[in-house]
Each structure stands twice: as C-alpha cells, then as structure tokens.
Amino acid sequence: MLKDVSLGQYLPGKSVIHRMDPRLKLILTVGFIVVLFLAKGICAYALCLAALLLVIRVAKIGLPYILRSIRPLIFIILFTAIINLFYTPGDPLVSFWIFSISAEGVRTAIFMALRILMLITGTFVLLNYTTSPIMLTDGIEQLLGPLKKLHMPVHELAMMMTIALRFIPTLIEETDKIMSAQKARGADFESGSIIRRAKALVPILVPLFVSAFRRADELAVAMECRCYRGSEGRTRLRTLKMQRHDWLCLAVGIVLGTAVLLCSFFLP
C-alpha cells in the first residue's frame, strides 16, 4: 500500500503539460478546484471529466498508474460518499432504523465522490507528476512575489513547501524498508484489532524519526556547503516566461471553465 502513494513523485517527460509554465499550472489547478466546487449537474461534471482526461492524455501519463496512486485514498472517498448518502435531506427512498436514503442523497454522494477523485487526480497530474520540485518552487515564489513588499519570507516558504513535498516519497521508502526489516524479525502488522495493529507500528516510528532528522541535517549541510543563503543574491538557471503554448493552454482552460459554469447555472 505504501508503494502506491505517489505524492511528490515527478515523472520526467517532454509533453506540452511538462513544458508548461509552473505559474500557469498553479493558476489552472486553483481554477480547476474552484470550478469543481461550483459545478452542478451531469453536463458540468462530464465536461470536467473530459477536460481532465484530455490533460492526462496530453501529459502521456498512464491511467493505470494514476488509479494505483488513488488506491490509498479510496477509504476517504467512500467514507465521504456514505456520509453524504445518509445525511442529505430529501424524500426517503429507503429507511431503516435512524438512517434514510433519498434520491438527493444518492445524487450528492456520486457527485461528491467524482469531485474528490477529479480534484486529487487533477492536482497530481498538474503539480506532482509533470512539475519538478525546482520549477514548482520558482512558480510559487513568483506568484507570491507581491507579498515580499510586506516583508514575508516568500522564497523560504516556497522552498520549505517543496522540500516537504519532495521528502514524502523518501520517507515512504524508508518506512517500507523499516517495516520489511521488522517483519523479517517476526513483527506482525496485519493481524489483530485496530488498537493492536496501531501498537505494532510504534517500533517503526522511532527509527523513522531518527532517519528523517538525519536526512534533514544532511540536506542542511549540503545546502550550506553550496553557499545557499536564501533568496538574497540568488540567480536562476531558467527564467520563467510564458510561451505560445502556455497562452494557448490558458485560453483552453478559460473556455472549458466558462463552459462548465454555464452548464452548471443553465442546464440541469
């Protein structure tokens, strides 16, 4: 299960999505999330799904890889759908004990599950699989640039966010190694009650924290040896500049977002 978590894993490529300006990816991601929460009706959700499948196709990322990365989140998606299924008011179709299922509840549960799935997949494709940590840092820093006038450490915040994201696959790999070593010594993490399995995970936490602090110290030493001093006097290998394909992608995103909103407000 841990190996299926793909958060923070960058998949190199030469597609249009990979070459897109990271600032534009951040803007399109935020816009996609806003449009998803405003979308209403089958037509609007169908357009969102079609746009997401188009991005996946252009980015040349295998759909089985994306589905495998969503597996660890299935419980959260199902739990959210079940809560909406039973607690959405409406004329009951089925009633038992203190629970009732209405047509509005079924509709809301399906749309909520689709919304979470598309939100996670869209964010992963635009910001995780197709954007390197360095480009993501530059994009966040440039978008938050106006906050520098308020003396906010924009560069440091962007760097911290990117390093934290990049360390997720490393910590997952380290956790998997520790669990394999503990299983070889007779540890059992899969049988027993939830409380027993939680207690069995305690021996994993100590070496995991030790390893995390050691890696953080090594990273700090490496950055200091390379004379890293934050944003002061820092130059960039690549200067972010919007290209023709970026403007085209922005126009397509605006058209699709407008179409989804029109379908939400004027079509059932």
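Conventions adopted
Residues numbered from 1 in each chain as written. Predicted model: local features only at pLDDT ≥ 70, side-chain atom pairs only at ≥ 80, totals over all residues. Heavy atoms only, no water. Helix = DSSP H or I, 4+ residues; strand = E, 2+ residues; numbered from the N terminus. Buried < 20%, exposed > 50% of the residue type's maximum accessible area, 1.4 Å probe, protein only. Areas by Shrake-Rupley, 256 points an atom, 1.4 Å probe, with all protein chains shown as cover. Phe/Tyr/Trp six-rings, centres within 6.5 Å; stacked < 30°, edge-to-face > 60°. Axes fitted to C-alpha atoms, helices over the stretch in contact; angles between N-to-C directions. Parallel < 35°, antiparallel > 145°, perpendicular 65-115°, else oblique. Left-handed = near helix turned anticlockwise from the far one by under 90°. Contact = heavy atoms within 4.5 Å. Nonpolar A, V, L, I, M, F, W, Y, C, P; charged D, E, K, R; others polar. Salt bridge = Lys/Arg side-chain N within 4 Å of Asp/Glu carboxyl O. Expected span 1.5 Å × (residues − 1). Bend = angle between axes of the 7 residues up to and from the residue. Lys, Arg positive; Asp, Glu negative; His and termini not counted. Polar contact = N/O pair within 3.5 Å; in protein donor to acceptor, adjacent residues only side chain to side chain.

Quick look at the overall build of the protein
Argument step 1. Looking only at helices and strands, the protein has eleven helices and two strands in total.
Argument step 2. Along the protein, helices and strands appear, N-terminal first, in the series α-α-α-α-α-β-β-α-α-α-α-α-α.
Argument step 3. Taking all 268 residues of the protein together, 34% fall into the buried category.
Argument step 4. On the protein, roughly 17100 Å² of surface is accessible, and the fraction owed to carbon and sulfur atoms is 70%.

Thoughts on the packing of aromatic side chains
Argument step 1. Considering all chains together, one arrives at three aromatic pairs under this definition.
Argument step 2. Centre to centre, the rings of Phe124 and Tyr129 are 5.8 Å apart; their planes meet at 80°, and the pair counts as edge-to-face. Here Phe124 and Tyr129 have matching classes, each one buried.

Structural notes on the packing of helix H3 (residues 42-59) against helix H6 (residues 103-129)
Argument step 1. Interhelical geometry of H3 versus H6 gives an angle of 25° and a closest axis separation of 11 Å. On the basis of their axis angle, the class for H3 and H6 is roughly parallel. Helix-helix and strand crossings are classified by hand; for H3 and H6 the assignment is left-handed. Here Ile42, Tyr45, Cys48, Leu49, Leu52, Val55, Ile56 and Ala59 of H3 lie close against H6, whose contacting residues are Phe111, Leu114, Arg115, Met118, Thr121, Gly122, Val125 and Leu126.
Argument step 2. For the contact of H3 with H6, the per-class residue count stands at 13 nonpolar, two polar and one charged.

Re the pattern of salt bridges
Argument step 1. Taken as a whole and judged by the stated rule, the model has two salt bridges.
Argument step 2. In this structure, Arg23 and Asp21 form a salt bridge, with 2.9 Å as the shortest nitrogen-oxygen distance.
Argument step 3. With a shortest N-O distance of 3.1 Å, Arg215 and Glu174 are connected by a salt bridge. With Arg215 in helix H10 (residues 202-225) and Glu174 in helix H8 (residues 154-184), the pair connects residues that are 41 residues apart, well separated along the chain.
Argument step 4. Assessed through its relative accessible area of 27%, Arg215 is described here as partly exposed.

Here's the deal with H8
Argument step 1. If you check H8, its first and last C-alpha atoms are 45 Å apart, about what 31 residues at 1.5 Å a residue would give, namely 45 Å.
Argument step 2. A maximum bend of about 30° is found in H8 at Ile168, where proline Pro169 lies one to four positions downstream.
Argument step 3. Every buried residue belonging to H8 is among Val154, His155, Ala158, Met159, Thr162, Pro169, Thr170, Ile172, Glu174, Thr175, Ile178 and Met179, and all of these are buried.
Argument step 4. Within two residues after H8, Gly186 carries a phi angle of roughly 100°, on the positive side.

Description of the side chain of Lys25
Argument step 1. Residue placement: Lys25 occurs in helix H2 (residues 22-38).
Argument step 2. In this structure, Lys25 is buried with no salt-bridge partner, the nearest side chain bearing the opposite charge being Asp246 at 8.1 Å.
Argument step 3. A polar contact is formed between the side chain of Lys25 and the backbone oxygen of Thr130, at a distance of 2.8 Å.

Overview of the environment of Ser95
Argument step 1. The residue Ser95 is located in strand E1 (residues 92-96) in this model.
Argument step 2. A C-alpha to C-alpha distance of 33 Å links Ser95 and Cys263, two positions 168 residues apart in sequence.

Considerations on the environment of Met161
Argument step 1. Structurally, the position occupied by Met161 is in helix H8.
Argument step 2. The partly exposed category is assigned to Met161, whose relative accessible area is 48%.
Argument step 3. Here the alpha-carbon distance between Met161 and Ile140, two residues 21 residues apart in the chain, equals 9.3 Å.

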